[in-house]
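So you can see what is in the structure, the chains are spelled out below.
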Amino acid sequence: MSKIAVHPAIKRHLAEHGLCGEEDIENYLFPKLKDLPSPFLLKSIDTAVDLISSAIQNKDDILIWGDYDVDGITGTSLLHTFFREIGVTTICHIPNRLTDGYGLNDKVLRDYATTLRPNKLLITVDCGISNSEELILAKKYGFKTIVTDHHQVPDTTLYADATINPKQQDCGFPFSELAGVGVAFYLAAAVRFKISNNNEYKGICVPNMKSFLDYVAIGTIADIMPLKGVNRILVKGGFESISVTRQRGVKNLLSTLDINIDSLTSDAVSFKVAPAINAAGRLGEPDKPLNLFLADSDASAKEYASQLIQLNNKRKQITENNFESALSIARKELLLCANCLVILGEFHEGVLGIVASRLVEKFRVPALVCCYHPADRSVVKGSGRAPEGHDLYRLIAGAERYLQNFGGHALAAGFSLPVANFIQFKEKLYTLMSLHDENNAHVSSSLKRKFIELDVSESLDRTLLDNLMQLEPTGEANPKPIFLDRQVRFVSFSAFGKNKAHLKGVIRGKYKNVPVIGFNLGDRISKTNLNEPCSLLYTHSFESYNGRSSWRLHIKDIISH
Ligand SMILES: [Mn+2]
């Protein structure tokens, strides 16, 4: 085993995460694809593969039905591309979140039933686990059905012919936190295994599964799945293969966004790639990203990529306006309940989740943002987000009797309810949250992050920067190290951006001056004195600008002495 250089500050960070031995550290920094578990450990995978191979043999129509978020769209594109490479044409459907909503939809299925051949196969991606009624109807319309999903499994029986979801109780797969695109990848891997080991498929092209990992990387990060275990292996593999990607849509989207594909970070995926893909779904144009990923020429991929970026600019404007009005409602609500926010207003349904996230960022409490259904004002639709350490899914489940539908995870959830129930729903959540806080006072203290002491002037050390790149993808369950320097002085600083919200400045460290930037810290300028010692919490970010990339220090907090 080759010896790798690890900076002492990174060693301290890894030790905080229980990684001490040289071998553990090397395995963590350089995860290997050969350590991925077999797809055949997934419950019902054999049935699913049999259904797919008989659909291929019989030339049945195959309909792939994905979710409209990044996870669903990358998963759908992955399956479509995989099937195309083995010579099978599939039909993809991404629902319009504004008119059709999440998951399977009876009316749309019925329409497909009339246009498709009598024998047909439906494969869901990142949805379907809560659609027991629609699956019964699909069967009635002549579909064989495979559900692939990673959302919580409800108690109701699911009438799919095969259900692949690592969260099923009796699923033997050793990792339950795959993204929807991760489950889709595993289904494709199982089909690949079957065709490469079966004489009936002799002569067929057997795709290299590594070439699909860039989809998995983007979808897994965008869905905020924990970046450890199997996900770390998949996403890291995706980052490696992205620099030689054969996926035209991915390549053109990254270059249009001015992202350096040789040293991709999860920040670039979270803050640039994912919002551009999501904007289309949010504004009711779910086919745009699908067209991008399935484009058959670089010219058309480039065109779709710039359309996505335009849509995202429009989405930003809508978010900004909605957030302003959400803030004024939220300030009043916080007087009623200081540890949870449930608000209803004239918001754009597509940006509810972003507005909720920004409220969480600002007030550090679970935030549920609701609007009226655009077609039926007697129905309220909502999206919730929560700070780490909460279980939003369980919280909402505690008010289930007021709801029509709900689904999601610990930190993000969606739901709908009759407008007549809204007040009761809100009050129930406020009550539950006040109980929750008494019972869970320990949660927040256990979440306190350890900071790693590191002099700012050492922060651009070559080994340290190499290690930071090896730590990628950082994010959920693999956070970036936050460094602490207890003795810095600002040589200069100024506020910039809209409302002078942000701060940029130069720090004098022990040995040299270092430029820094702090988002949403513009107001600190009036509270900090130049040339007086203070403590600084900071992280690193690798950023591209005009085709050039470099590391930049981001201030997390300034503590005056
Ligand atoms: Mn998902």
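Quick caveat, the model's predicted, so the values are computed rather than measured.

**Q** What exactly am I supposed to notice about the overall build of the protein chain here?
**A** Looking only at helices and strands, the protein chain has 18 helices and 16 strands in total. In summary, the protein chain has a C-alpha radius of gyration of 24 Å against a globular reference of 24 Å for 561 residues, a match within 12%. Projected onto the principal axes, the alpha-carbon positions of the protein chain cover approximately 75 × 60 × 45 Å. The buried share among the 561 residues of the protein chain stands at 42%. Long-range pairs, those at least 24 residues apart, make up 66% of the contacts in the protein chain with a sequence separation of at least 6.

**Q** What is the right way to look at the pairing of strand 7 (residues 367-373) in this model?
**A** Remark: a regular strand shows side chains that alternate across the two faces of the sheet. Of all the seven residues making up strand 7, five are buried; the element is thus mostly covered by neighbouring parts of the structure. Bridge analysis of strand 6 (residues 341-345) against strand 7 gives five bridges, and the strand direction is parallel. Within strand 7, the position partnered with Leu 344 by the bridge is Cys 370. Taken together, strand 6, helix 14 (residues 352-363) and strand 7 constitute a β-α-β crossover, and its handedness is right-handed.

**Q** What is the right way to read the environment of Leu 116 from this model?
**A** Structurally, the position occupied by Leu 116 is in the loop between helix 5 (106-115) and strand 3 (120-125). On the neighbour-count criterion, Leu 116 (19 C-beta atoms within 10 Å) is partly exposed. With 189 residues separating them in the primary sequence, Leu 116 and Ala 305 have C-alpha atoms 30 Å apart. Setting aside anything within four residues of it in sequence, one finds Leu 116 in contact with Asp 61 and Leu 63.

**Q** Could you clarify how one ought to interpret the domain arrangement of the protein chain in this entry?
**A** Where interface size is quoted, it is often the accessible area lost as the parts come together. Assigned domains of the protein chain: these are domain 1 (31-309), domain 2 (337-446) and domain 3 (452-560). Here the C-alpha centroids of domain 1 and domain 2 sit 28 Å apart. Counting residues at the interface gives nine residues for domain 1 and eight residues for domain 2. A breakdown of the residues in the side of domain 1 that touches domain 2 according to their chemical character gives four nonpolar, three polar and two charged.

**Q** Explain the sheet that holds strand 6 to me, please; I cannot follow it from the model alone.
**A** Backbone-to-backbone hydrogen bonds pair the strands of a sheet. The strands run either parallel or antiparallel. Taken together, five strands build an open sheet; the order of strands is 6-7-8-10-9 and the sheet is mixed. What marks the edges here is a single partner per strand, and that holds for strand 6 and strand 9 (405-408). Each adjacent strand pair in this sheet contributes to an overall mean axis angle of 15°, direction not counted. Pairing of strand 9 with strand 10 (residues 412-418), which is carried by four bridges, proceeds in the antiparallel orientation. Within the sheet, the bridge partner assigned to Gly 408 lies in strand 10 and is Ala 413. Contacting strand 6 and strand 7, helix 13 (residues 298-336) runs over the sheet at an angle of about 135° to strand 6.

**Q** What exactly am I supposed to notice about the packing of helix 7 (residues 180-196) against helix 8 (residues 213-222) here?
**A** The axes of two packed helices give the description: the angle between them and the distance between them. Following both chains from N to C, one finds helix 7 and helix 8 inclined at 155°, their axes separated by 7 Å at the closest point. When the axis of helix 7 is compared with that of helix 8, the two are roughly antiparallel. Note on element contacts: helix 8 touches helix 7 through Tyr 215, Val 216, Gly 219 and Thr 220, opposite Gly 180, Val 181, Gly 182 and Phe 185. Among the residues making up the contact of helix 7 with helix 8, the classes are represented as four nonpolar, four polar and no charged.

**Q** When you look at the confidence of the model for the protein chain in this model, what are you seeing that I'm missing?
**A** Residues shown with low pLDDT carry predicted positions that ought not to be read at fine detail. Per-residue pLDDT for the protein chain has a mean of 92; in total, 97% of the residues score no lower than 70. This model gives residues 441-447 a pLDDT under 50, and the stretch forms four contacts once residues within four places in sequence are excluded.

The rules behind these values
Here the residue numbers are simple positions, counted from 1 along each chain's written sequence. Per-residue local features are limited, in this predicted model, to residues with pLDDT of at least 70; the limit for side-chain atom pairs, both in listing and counting, is 80 or more; totals at the level of whole chains, interfaces and linings are taken over all residues. Per the convention used, a helix needs a DSSP run of H or I reaching at least four residues, while a strand needs a run of E reaching at least two, with both numbered from the N terminus. We compute the radius of gyration from the C-alpha atoms alone; for a globule the expected value is 2.2 Å times N to the 0.38, where N is the number of residues. Exposure criterion: with C-beta atoms placed from backbone coordinates, a residue whose C-beta has 20 or more other C-beta atoms within 10 Å is buried, one with 12 or fewer is exposed, and one in between is partly exposed. Placing a C-beta atom from the backbone of each residue, one calls two residues in contact when those atoms lie within 7 Å. Following DSSP output, two strands are said to pair if at least two bridges run between them. Clockwise travel from the first strand over the helix to the second, with the strands pointing away from the viewer, marks a crossover as right-handed. The start and end points of each domain follow an automatic or database-based domain assignment. Asp, Glu, Lys and Arg are counted as charged, while Ala, Val, Leu, Ile, Met, Phe, Trp, Tyr, Cys and Pro are counted as nonpolar; the rest, among them Gly, fall into the polar class. In this description, a line fitted to the C-alpha atoms serves as the axis of each element, helices being fitted only across the stretch in contact, and the angle between N-to-C directions of two axes falls anywhere from 0 to 180 degrees. Convention used here: angles under 35 degrees read as roughly parallel, angles over 145 as roughly antiparallel, angles from 65 to 115 as roughly perpendicular, and any remaining angle as oblique. A residue's pLDDT is the confidence the predictor assigns to it, expressed on a 0 to 100 scale.

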